[in-house]
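Listed below are the residues making up each chain.
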Amino acid sequence: MANETNNFQELISHCKEYGYIFQSSELYDGLAAVYDYGQMGSQLKKNIRDYWWKSMTQLQENIVGIDAAIFMHPTVWKASGHVDSFSDPMIDNKDSNKRYRVDHLIEEYAETLDTQARDSLIATMEKLLAADDMVGVKQLIDENKIKCSVSKTSNWTEVRQFNLMFDTQIGSIAGESDKIYLRPETAQGIFVNFLNVQKTGRMKIPFGIAQTGKAFRNEIVARQFIFRMREFEQMEMQFFIRPGTQKQWYDYWKEERLKWHESLGIPASKLRFHDHVKLAHYADAALDIEFEFPFGFKELEGIHSRTDYDLTRHATFSKKKIQYFDNELNEEGKPFGNYTPYVIETSVGLDRLFLTIMSLAYTEEKWLKEDGSDDSRVVLKIPAMIAPTKLAILPLVKKDGLPEIAKELMNECKGSFMCFYEEKDAIGKRYRRMDAIGTPFCVTIDHQTKEDNTVTIRYRDDMRQERILLKDVKKLVLEKLI
Ligand code: ATP
């Protein structure tokens with residue numbers, strides 16, 4: 001039996017070495033907290049996105065998808081509240097000039113305390129932040145004599161709010177009136193299209209609108225690889241419901257989304273709910289689905305009960321009526337046939353889900369061979385249905401007609417799933433390389449293939465090998481991808 005270990009720093013290096021993730025603009029020494037997905041990573045990311053899209057649209061009767069632009073009218077962000085309150089409380093150390101998000105600073109210090117003291121400090125901090133009591137937060141930092149990790153002093157500025165939105169200019173003349181924002185969330189593109197989609201799609205409440213796309217936040221403390229980036233991708237769904245039913249739908253989506261993560265092979269023991277103490281300005285209930293990343297339990301997805309806040313605000317700012325006429329309520333003879341729908345939001349970060357999948361998949365294995373010597377490998381145990389490459393097709397040697405048979409198999413399979421063809425190096429070396437990029441199935445074509453039309457199929461996770469008919473390869477792989 002192989003020994004397995006899991007190591008975060010090793011995972012980061014592995015992502016670079018095997019074409020999963022590169023630092024953005026690495027040639028120019030990189031751009032902090034911005035990353036590029038390479039040839040393997042972009043395919044894995046697409047597969048995760050497609051899996052989400054299919055389960056949130058195709059497999060639902062009442063959810064449709066849209067693709068709204070990143071640029072939006074600047075008033076959108078006034079209406080949504082982002083211009084005034086999309087900020088994080090920050091503090092600077094006067095000696096090192098290093099800036100911290102106060103919750104991160106306090107949480108990091110709390111980790112050095114015993115469990116009781118840590119929990120009590122975090123609870124006090126959450127209460128102060130919920131009350132927007134920044135003087136109180138500063139006092140808490142002072143009382144605990146929390147120090148800067150660089151200067152090692154407690155010489156702090158006051159706590160200040162720092163807006164996270166990036167802005168830029170549209171058109172040719174620079175000026176305040178031309179200022180637009182890079183969207184900090186995809187949700188607003190859904191809200192401003194509520195009426196368009198409802199009317200053209202003849203949607204009946206309850207119904208949802210789903211969207212995936214880039215979002216941008218000027219995160220001051222961007223850490224932990226792709227966990228917190230300045231440019232990232234969200235997969236969001238806004239579910240429009242009758243006022244008064246929000247508790248029922250909030251509970252429904254929270255359970256549905258947890259099950260969805262488990263369907264991706266994430267063990268239940270590594271997922272948990274975390275209820276918010278401090279609610280965002282738009283929410284009447286909120287929780288995070290947290291995953292146990294290599295650096296602890298952290299938010300993977302947010303579920304928010306957003307009330308009618310966004311639609312009401314857009315109605316006010318645009319001076320347009322944004323309401324739904326509920327025929328069924330009308331038929332039941334109930335009042336309020338016309339109302340502003342309430343909203344339950346599910347919002348998951350695609351990059352964080354990517355990191356979740358990779359941190360579960362990355363495995364270093366060591367074992368003793370039959371002759372008593374050591375052997376080892378690094379393998380990415382990515383679930384087959386989302387693995388970037390599904391099948392490696394490997395002729396044993398570059399001659400005797402074996403590459404021709406391999407290429408024929410390649411042509412038969414490549415329209416159905418991603419295949420990889422490789423004829424260089426010894427077969428063992430090729431298997432290791434496929435393990436390292438997470439290819440779940442390898443097929444080797446050898447001289448026996450010419451005699452009896454069979455090939456060796458090798459399974460990534462347990463390295464088991466068996467002989468199957470060449471004509472059954474495609475069918476077998478397709479069966480395993482469900
Ligand atoms: P956090 O508390 O970690 O800053 P948040 O509560 O601000 O996150 P939301 O606004 O609820 O996050 O965004 C929904 C999802 O988008 C998050 O659950 C996360 O998966 C993802 N996300 C948010 N900010 C980032 C970021 N800077 N980098 C990568 N993913 C992010």
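It should be noted that the structure appears before, not after, this text.
Presented here is an overview of the structure given in this document. (Residues numbered from 1 in each chain as written. Predicted model: local features only at pLDDT ≥ 70, side-chain atom pairs only at ≥ 80, totals over all residues. Heavy atoms only, no water.)

### Considerations on the environment of Asp167
And then number 1: Within the fold, Asp167 resides in strand 8 (residues 167-169).
And then number 2: The exposure class assigned to Asp167 is partly exposed, which follows from its relative accessible area of 43%.
And then number 3: Taking the C-alpha atoms as reference, Asp167 lies 59 Å from Lys399; in sequence the two are 232 residues apart.
And then number 4: When sequence neighbours within four positions are dropped, the list of residues in contact with Asp167 reads Lys179, Ile180 and Tyr181. (Helix = DSSP H or I, 4+ residues; strand = E, 2+ residues; numbered from the N terminus. Buried < 20%, exposed > 50% of the residue type's maximum accessible area, 1.4 Å probe, protein only. Contact = heavy atoms within 4.5 Å.)

### Examining the site of the ligand
And then number 1: Around the ligand, a shell composed of 16 residues is seen, among which Glu219, Arg228, Met229, Glu299 and Leu300 lie nearest.
And then number 2: Within the side chain of Gln234, one N or O atom sits 3.3 Å away from an oxygen atom of the ligand.
And then number 3: Take Gly349: an N or O atom from its main chain is 3.0 Å from an oxygen atom of the ligand.
And then number 4: Burial of the ligand by the surrounding chains reaches 87%, relative to a free accessible area of 590 Å².
And then number 5: Looking at the shell around the ligand, the elements that each hand over two or more residues are strand 11 (231-241), strand 14 (296-307) and strand 17 (342-349).
And then number 6: With five residues, the top contributor of residues to the shell around the ligand is strand 14.
And then number 7: Of the residues belonging to the shell around the ligand, the class tally is four nonpolar, five polar and seven charged. (Near = heavy atom within 4 Å. Polar contact = N/O pair within 3.5 Å; in protein donor to acceptor, adjacent residues only side chain to side chain. Areas by Shrake-Rupley, 256 points an atom, 1.4 Å probe, with all protein chains shown as cover. Nonpolar A, V, L, I, M, F, W, Y, C, P; charged D, E, K, R; others polar.)

### A word on unusual backbone geometry
A negative phi angle is the norm for most residues apart from glycine, just as the trans form is the norm for most peptide bonds.
And then number 1: The omega torsion across Ile205 and Pro206 is 5 degrees, close enough to zero to call that bond cis.
And then number 2: With respect to the secondary-structure elements, Pro206 resides in the loop between helix 9 (194-200) and strand 10 (207-216).
And then number 3: In this structure, Ala33 takes a positive phi of about 60 degrees despite not being glycine.
And then number 4: Tracing the backbone shows Ala33 in the loop between strand 2 (21-23) and strand 3 (35-37).
And then number 5: For Ala33, a relative accessible area of 11% gives the class buried.
And then number 6: The backbone of Arg202 sits at a positive phi, close to 50 degrees, despite the residue not being glycine.
And then number 7: Positionally, Arg202 belongs in the loop between helix 9 and strand 10.

### Describing the packing of aromatic side chains
And then number 1: Under the definition given, this model contains 21 aromatic pairs.
And then number 2: For the ring pair Phe191 and Phe240, a centre distance of 6.3 Å and an interplane angle of 85 degrees mean the geometry is edge-to-face. Of this pair, Phe191 sits in helix 8 (residues 187-191) while Phe240 sits in strand 11; the two residues are 49 residues apart in sequence, bridging distant segments of the chain.
And then number 3: Overall, Phe191 belongs to the buried group, its relative accessible area being 1%.
And then number 4: Judged by centre distance (5.1 Å) and plane angle (85 degrees), the rings of Tyr252 and Trp253 are edge-to-face.
And then number 5: With relative accessibility at 35%, the residue Tyr252 sits in the partly exposed group.
And then number 6: Here the aromatic residues Phe8, Phe227, Phe291, Phe293 and Phe295 are joined through ring pairs into a cluster of three or more.
And then number 7: The side chain of Arg257 reaches across the aromatic face of Trp260, ending 4.3 Å from its centre.
And then number 8: We note Arg272 situated over the ring of Phe297; from NZ or CZ to the ring centre the distance is 4.1 Å. (Phe/Tyr/Trp six-rings, centres within 6.5 Å; stacked < 30°, edge-to-face > 60°. Lys NZ or Arg CZ within 6 Å of the ring centre and 35° of its normal.)

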